Amino acid sequence: MVDRPTAVWRADVARDAADLAAGVIGPEEAVSARLWPDEMIRATDAVLDGFEADVAGLVDHRWAAATDTEVLEVVERTVRALNAVNNQFHGAAYETDERELLCEYIDRALGAAGIEPDELARRNGLLSGDITGPWRDW
């Protein structure tokens, strides 16, 4: 599976903590843990676990390719779950950078499973490059 955005966030938090401990940065500069609290990262990972399982279910043991409807149901379910995580953190969990990483992750994960997200979008009247748009609040 493709690298998750949460791995990026965890690495930034760890780097800030190490730099703070080494005296390279001050507390006011160590913002990663405030941007991406562990609880938010864990909640996001739980959603992404479900997404990866759903995508695997779309392609495992199938004689025919998953239908667009089946794929879009997985994307919708995932995006709505990410909306709930975002709302849990007062609508501030996913800002522009996080949104871009999450959308890119969803596209790449689908692509790795043999599902072309831009073609899926085109066939279903969605914006190319943003199959999450119809359901995304963040």
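Since we're looking at a predicted model, the values are computed, not measured.

1. With respect to helix α1 (residues 5-21)
If you check α1, its first and last C-alpha atoms are 25 Å apart, about what 17 residues at 1.5 Å a residue would give, namely 24 Å. All buried positions along α1 are accounted for by Pro5, Thr6, Trp9, Asp12 and Asp16. One side of α1 carries all its buried residues, which in axial view fall inside an arc of 120°. Contact partners of the buried residues in α1: α2 (32-35), α3 (38-59) and α5 (96-112). Positive backbone phi, at 80°, marks Gly23, one or two positions downstream of α1.

2. Notes on the pattern of salt bridges
Summed over all chains, the structure comprises 12 salt bridges. We note a salt bridge from Arg10 to Asp45, for which the minimum N-O separation is 2.6 Å. With Arg10 in helix α1 and Asp45 in helix α3, this residue pair connects regions lying 35 residues apart in the sequence. Exposure remark for Asp45: the relative accessible area of 11% places this residue in the buried category. A salt bridge links Asp38 to Arg42, with the shortest nitrogen-to-oxygen separation between them at 2.7 Å. Taken as a pair, Asp38 and Arg42 lie in helix α3 at a separation of 4 residues, close to a single helical turn.

Basis of the calculations
Residues numbered from 1 in each chain as written. Predicted model: local features only at pLDDT ≥ 70, side-chain atom pairs only at ≥ 80, totals over all residues. Heavy atoms only, no water. Helix = DSSP H or I, 4+ residues; strand = E, 2+ residues; numbered from the N terminus. Expected span 1.5 Å × (residues − 1). Buried < 20%, exposed > 50% of the residue type's maximum accessible area, 1.4 Å probe, protein only. Arc of directions from axis to C-beta. Contact = heavy atoms within 4.5 Å. Salt bridge = Lys/Arg side-chain N within 4 Å of Asp/Glu carboxyl O.

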